[in-house]
Amino acid sequence: MTEPVVQDNLTAKQSDYAVFLPAISGFYATFIGKQRNESYVDLARFPQSQSVKLTDMEQLNWLNSAKSLFPYKWSLYSGGHANLDLNKQDWSEDMIRNREPGTFILGDSGGFQIAKGLWEGDWKANSGCPKAQKKRELILKWLDNMSDYGMILDIPTWVIHDKRVSDIIGFSTTNKKLALQQAVDATKFNNEYFMKNRRGKNNGGARFLNVLQGDNHTSADAWYETMKEYCDPVKYPDTHFDGWSMGGQNMCDVHLVLRRLVALRYDNLLQPGVHDWMHFLGTSKLEWAVLLTVIQRAVRKYVNPQFTISFDCASPFLATANGQVYFENVFENDSKWSYRMAPSADDKKYSTDTRPWAQGVVADGIYPRWQDSPVSDMLTMKDICIYKAGVTKAGVVLTEENFRDPDLYDVLPDVNKNGKWGKTSWDSFSYALLMGHNVWMHLTAVQEANRRFDAGEHPAMMQRDGGDYEFFENIVEEIFSAPDKASAMEIIERPGYIGKNGYWNQIVGTRGFKGKNTTNARTQYNALFDSEQTDIDDNADNSVQLNEAALNQLEQDQT
């Protein structure tokens, strides 16, 4: 007998924490959306061996409060990999386009795609380039229709370090100072276009976040001074932007974060009902879930009671795409807090294995321990390792070069839906199932970290290891309770806090780097997670985004 589905309502568990936004993969959303219109995944493929079964794809859709295994109403979706043509039905996008009323989507604008050279065209201000203008029009319309908050179309400053991309988007490849100014001017041009052409929140359009870039304190300060006027309700009473998005150095250097918030406060740019949202792009470090909650609470207490901080990453999807699965979350008082993951079971010998997933992966030494999620709780080994191995002819040794040669088999191995076979035992739905598990693990880790913090536990980086062992939350309280801007800044710039050995430099940035290196080096994946996999680039330069083309290739040829 099938047991009724018991929901783990993560929306109800959110409390007053900074809000984590899963950066939804288009690959994952395709399974939700297409199943609404067709049998995209045969129901016979749904896990059915455990007492709780998968009977409806909506059980994997956390934006569906009635049917999801773990309802959670907040997410981010990027226009950079969306179908921007809203005039045509696209079932692969239906998870976003026809989401439940009351859910929240932060729309990313696609600046990342520009800075990677994926949106070609001359993006310089006033270039008149038809390609760039078409994208500008489409992304604004998409954001206005699809998102509650959207990010303006910024050109990240780190683009100036890539000559190939600079050439593609029409920026200088020989003069970095000029290229930086071109990025600033192009962002200002986009800001003004958005202001002039946005639908307006009073007309059902999105609210917009002013993105702050800069790859060091100097350029970040200059960017802020240039762009802050776009959030000024005095200068732009009807079209001003509605909050802030922290990119570049602003998102991962706590010294700069605190300086910026103090500046915003005294520039009157954190007004209640006007600037109620601040987003931190691509924030994977678990300790920052607590750090941002501390800051959010301080701003609510002293400046704006409606203020919310959010942060996103695509790590649950990125990890699965690289064959890695979260197996536990680790919290040890005054030590490192982390998600732990490792390469998963992927062997065709499991294609008939009916053991529960949690039992099999531990018994076979794939993981030392396993924390079940509402998704993995339904799985057996064969639900993930779906493809059977063939039977080779006597004496045949399969190699990377010959394993697709049908003459070497007495019984051919299982093929995927495109008629191909490969080394992996996973099909594309295996990836989707484990992505769902990873999302729950990440969400739960973020909420559990905050619960433990509220119970008096601390990750190591939130307690200063010199002087009087101050707690981060006490320093933040002192900063925001200071009587004026000069006093607040003086606290931030105390000798024990700044410099190479200062406390701010002990707080590891969201990419695993400290101080001036927080955005100036590529991500080391194992700096973010306890992982047994070799290093994987997690797009340190800006928001963490998946290579959707690579993921979608799983649908074509899973080899």
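Residues numbered from 1 in each chain as written. Predicted model: local features only at pLDDT ≥ 70, side-chain atom pairs only at ≥ 80, totals over all residues. Heavy atoms only, no water.

Is there a simple way to explain the overall build of the protein in this structure?
The secondary structure content of the protein amounts to 17 helices and 13 strands. Out of the 559 residues belonging to the protein, those deemed buried represent 58%. Across the protein, every contact between residues at least 6 apart in sequence was considered, and the portion connecting residues at least 24 apart equals 75%. Looking at the protein as shown, the accessible area adds up to about 21,400 Å², and 48% of this sits on carbon and sulfur atoms. (Helix = DSSP H or I, 4+ residues; strand = E, 2+ residues; numbered from the N terminus. Buried < 20%, exposed > 50% of the residue type's maximum accessible area, 1.4 Å probe, protein only. Contact = heavy atoms within 4.5 Å. Areas by Shrake-Rupley, 256 points an atom, 1.4 Å probe, with all protein chains shown as cover.)

It is not clear to me how the nonpolar core should be interpreted in this structure. Could you clarify?
One recurring pattern in soluble globular proteins: nonpolar side chains tend to sit buried together. If you look at the biggest cluster of nonpolar residues, it comprises 164 residues, and the most contacted ones within it are Leu60, Trp62, Phe194, Leu261, Phe429, Phe472 and Trp504. Among the elements that line this core, the one with the most residues is helix α13 (residues 428-454), at 14 residues. For Leu60, the residues in contact, after removing those within four places along its chain, are Tyr28, Ile32, Leu54, Leu69, Val375, Phe429 and Leu433. (Core = buried A, V, L, I, M, F, W, Y, C linked by side-chain atoms within 4.5 Å.)

Which parts of the structure should I look at to understand helix α15 (residues 485-492)?
In an α-helix, one full turn covers 3.6 residues, which means residues spaced three or four apart are oriented alike. The complete set of buried residues in α15 reads Ala488, Met489, Ile491 and Ile492. The buried residues of α15 occupy an angular sector of 155 degrees when projected down its axis, which confines them to one face. In α15, the exposed positions that point more than 90 degrees away from the buried face belong to Ala486 and Glu490. The inward-facing, buried residues of α15 contact α8 (254-266) and α14 (472-481). At the N-terminal end of α15, a side-chain oxygen is found 3.4 Å from the backbone nitrogen of Ala486, two or three residues along, and the residue is Asp484. (Arc of directions from axis to C-beta. Polar contact = N/O pair within 3.5 Å; in protein donor to acceptor, adjacent residues only side chain to side chain.)

How should I be thinking about the sheet that holds strand β1 (residues 19-22) in this particular structure?
In a beta sheet, neighbouring strands are held together by backbone hydrogen bonds and run either parallel or antiparallel to one another. Read across the sheet, 8 strands follow the order β1-β8-β7-β6-β5-β4-β3-β2 without closing on themselves; strand pairing throughout is parallel. The open sheet has two edge strands with one neighbour each: β1 and β2 (74-78). On average, adjacent strands in this sheet sit at an angle of 25 degrees to one another, irrespective of strand direction. Relative to strand β7 (residues 277-280), α8 is tilted by about 160 degrees, and along the sheet it contacts β5 (207-212), β6 (243-246) and β7. (Pairing = 2+ DSSP bridges. Axes fitted to C-alpha atoms, helices over the stretch in contact; angles between N-to-C directions.)

Can you help me understand the environment of Leu153 in this one?
By secondary structure assignment, the location of Leu153 is in the loop between β4 (149-151) and α5 (163-168). In the structure, Leu153 is positioned 43 residues away from Gly110 in sequence and 6.6 Å away in space, judged by C-alpha atoms. If we ignore the near neighbours within four places in the chain, the residues touching Leu153 are Ser109, Gly110, Gly111, Ile114, Trp119, Trp123, Arg136, Ile139, Thr187, Asn190 and Phe194.

Hey, could you run me through helix α4 (residues 130-146) in this one?
In this model α4 runs 24 Å from its N-terminal to its C-terminal C-alpha over 17 residues, within 8% of the 24 Å that 1.5 Å per residue would give. When α4 is considered as a whole, its buried residues turn out to be Ala132, Arg136, Ile139, Leu140, Trp142, Leu143, Asp144 and Met146. On its buried side, α4 packs onto β2, α2 (94-97), β3 (104-108), β4, α6 (176-197) and β5. (Expected span 1.5 Å × (residues − 1).)

Quick question: what am I supposed to make of the packing of aromatic side chains here?
Each aromatic ring pair is specified by the distance between its two centres and by the angle formed by the two planes. Tallied over the full model, the rule gives 30 aromatic pairs. One aromatic cluster is present, built from ring pairs that chain together Tyr193, Phe194, Phe208, Tyr230, Tyr236 and Phe241. (Phe/Tyr/Trp six-rings, centres within 6.5 Å; stacked < 30°, edge-to-face > 60°.)

Looking at this structure, I do not really get the environment of Asn126. What am I missing?
Counting through the fold element by element, Asn126 comes out in the loop between α3 (111-115) and α4. As for Asn126 and Asp185, which are separated by 59 residues in sequence, their C-alpha atoms are 9.2 Å apart.

Even after reading the chapter, I still don't get the packing of α8 against α15, so can you show me in this structure?
Relative orientation and spacing of two packed helices are given, respectively, by the angle between their axes and the distance between those axes. For the pair α8 and α15, interaxial distance at closest approach is 10 Å and the crossing angle is 180 degrees. In terms of their interaxial angle, α8 and α15 are classed as roughly antiparallel. Only Lys485, Ala488, Met489 and Ile492 of α15 make contact with α8, whose side of the interface consists of His255, Leu258, Arg259, Val262, Ala263 and Tyr266. In the contact of α8 with α15, the residues fall into 7 nonpolar, 1 polar and 2 charged. (Parallel < 35°, antiparallel > 145°, perpendicular 65-115°, else oblique. Nonpolar A, V, L, I, M, F, W, Y, C, P; charged D, E, K, R; others polar.)

Please explain the environment of Asn190 as it appears in this structure.
You can see Asn190 is positioned in helix α6. Its relative accessible area of 1% is what places Asn190 among the buried residues. Linking Asn190 and Ile152, residues 38 residues apart in sequence, is a C-alpha distance of 7.5 Å. Ignoring any residue separated from it by four or fewer positions in sequence, one finds Asn190 in contact with Arg136, Leu153 and Ile155.

What is the right way to look at the pattern of salt bridges in this model?
A side chain with one charge can pair with a side chain of the opposite charge if their charged atoms come near. For the structure on display, the rule yields 28 salt bridges. Across the pair Asp221 and Arg259 runs a salt bridge whose closest N-O atoms are separated by 2.9 Å. Note that Asp221 is positioned in helix α7 (residues 217-227) and Arg259 in helix α8, a separation of 38 residues in sequence. With a relative accessible area of 23%, Asp221 lands in the partly exposed category. Across the pair Lys235 and Glu229 runs a salt bridge whose closest N-O atoms are separated by 3.2 Å. Relative accessible area serves as the criterion here: at 25%, Glu229 is assigned to the partly exposed category. The network of salt bridges with common partners includes Asp221, Arg259, Arg260 and Glu493. (Salt bridge = Lys/Arg side-chain N within 4 Å of Asp/Glu carboxyl O.)

Quick question: what am I supposed to make of the side chain of Asp8 here?
Here Asp8 shows up in the segment before β1. Judged by its relative accessible area of 14%, Asp8 falls in the buried class. Here Trp440 takes part through its side chain, which lies 2.8 Å from a polar atom of the side chain of Asp8. In this structure Asp8 touches Lys13, Leu69, Phe70, Pro71, Pro374 and Trp440, once residues within four positions along its chain are discounted.

Would you mind going over unusual backbone geometry with me for this structure?
One can expect most non-glycine residues to show negative phi and most peptide bonds to be in trans. Positive phi, normally seen in glycine, also occurs at Asn126, with a value near 60 degrees. Its identity as a non-glycine residue notwithstanding, Asp334 has a phi of 60 degrees, on the positive side. Here Asp334 is to be found in the loop between β9 (324-330) and β10 (338-343).

Can you help me understand the confidence of the model for the protein in this one?
Detail in the predicted coordinates should be disregarded across regions flagged by low pLDDT. Model confidence for the protein is summarised by a mean pLDDT of 90, while 90% of its residues fall at 70 or above. Here residues 511-545 scores under 50 on pLDDT; set against residues more than four positions off or in separate chains, the count is 118 contacts. (pLDDT = per-residue confidence, 0-100.)

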